[in-house]
Structures are given as C-alpha cells and as structure tokens.
Amino acid sequence: STNESVGPSASILRQSIPHLGIFMKESAVVSDESGSSGDKESVSSVDKTQACTKGSKFAFTCSLIRALSNQKNPAVFFIDDLQWADPASLELVQQIAEDRDIHYRLCDICYRDDEALASQVPNMLKVMEGRGFSVQTIKLGPIERESANT
C-alpha cells in the first residue's frame, strides 16, 4: 500500500497535501522522536522540519514519489524556468532526479542560460553527471522572426 511505502511520513504528507487521501488510508500514523505514535490529529506535535531532515530534507517527497510511481504509471516532471529557482528548489529537483530508489521517473528541466542565476543550473547538472546520472542537453537558439506568428 502507499501508506506502507511512505512509512512514518504518511500522516504528515496527508496533512500537507489533502488530496493524497485518494491514494492513502485515513488511519495513517506518524512516530515522533520518542517512538510514540499518534493519529492525524496529533501530527502537529511532530516537528515537521526535523522529521524532514532525517536522511535528507526532501525524504518525504522522495518517498511519496517512490510510492506513487511504477512501470505502468511513471512520474514525469517538467520543470520550466529553473534559472529562477531558489537554492532549496534546486536541491529538491536534484534529490528527485538522483534518488536511486525512484525507478520510474523522468525529469525534463528547462532553463535559460542567459539569465544571471542560470549558472546554478548547469553546475547542478554537472554534479549530477559526475555522479553517473544521464544528463542530455539540447541547446535551443532564439526563435527567428519569420518563424513567429505575428
């Protein structure tokens, strides 16, 4: 089940993203640092920031993607204008793309390399490539005036 795949983060995910109820049971529980568990009403007592940093800041997100994606229904991410992303968003994209336990996903990332902040994106992609991940780059030039519908 999705609840089992996501593990102890199920309640926090359901509270953060209410539409997950479609995929997850209402009776999800979460454990706090003391090992005691509570129902969805007591989730607010859990330090969500601290829980997210176990392993990585985005462990909940990655576990949810792992739980929901499969060969028949892969996760496909199309992220446009990444040159304007803040460092935390870039880190999230990198975590999703590099999580070796997410077997069925495709990340399509678009960015403008002429923007001031764009240097962060190519650096991130170089790091990923250095770690053995497949990175394919397609460089597009400006649209020619006669090609534009005016």
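Check the entry above for the structure.
Residues numbered from 1 in each chain as written. Predicted model: local features only at pLDDT ≥ 70, side-chain atom pairs only at ≥ 80, totals over all residues. Heavy atoms only, no water.

Bringing the pattern of salt bridges into the picture now. All told, the structure shown has 3 salt bridges when counted by the stated rule. Across the pair K139 and D113 runs a salt bridge, and its minimum N-O distance is 2.4 Å. On the criterion of sequence distance, the pair formed by K139 in the segment after helix 6 (120-130) and D113 in the loop between strand 4 (105-109) and helix 6 is long-range, its members being 26 residues apart. For K139, a relative accessible area of 66% corresponds to the exposed category. (Salt bridge = Lys/Arg side-chain N within 4 Å of Asp/Glu carboxyl O. Helix = DSSP H or I, 4+ residues; strand = E, 2+ residues; numbered from the N terminus. Buried < 20%, exposed > 50% of the residue type's maximum accessible area, 1.4 Å probe, protein only.)

This part covers unusual backbone geometry. One non-glycine residue with positive phi stands out, namely D81, at about 60°. Turning to its location among the elements, D81 is positioned in the loop between strand 3 (75-79) and helix 5 (87-98).

Glancing now at the pairing of strand 3. Note that strand 3 and strand 4 share 5 bridges and pair parallel. By the bridge assignment for strand 4, F77 is matched with C107. Viewed along the sheet, the connection from strand 3 through helix 5 into strand 4 turns out right-handed. (Pairing = 2+ DSSP bridges. Right-handed = clockwise from strand over helix to strand, strands pointing away.)

Moving on: the packing of helix 5 against helix 6. Contact geometry for helix 5 and helix 6: axes closest at 11 Å, N-to-C directions at 25°. Classified by the interaxial angle, the pair formed by helix 5 and helix 6 is roughly parallel. Seen along the crossing, helix 5 lies across helix 6 with a hand that is right-handed. The segment helix 5 lies against helix 6, with L90, V93, Q94, A97 and E98 engaging Q120, V121, M124, V127 and M128. Here the residues of the contact of helix 5 with helix 6 are counted per class, giving 7 nonpolar, 2 polar and 1 charged. (Axes fitted to C-alpha atoms, helices over the stretch in contact; angles between N-to-C directions. Parallel < 35°, antiparallel > 145°, perpendicular 65-115°, else oblique. Left-handed = near helix turned anticlockwise from the far one by under 90°. Contact = heavy atoms within 4.5 Å. Nonpolar A, V, L, I, M, F, W, Y, C, P; charged D, E, K, R; others polar.)

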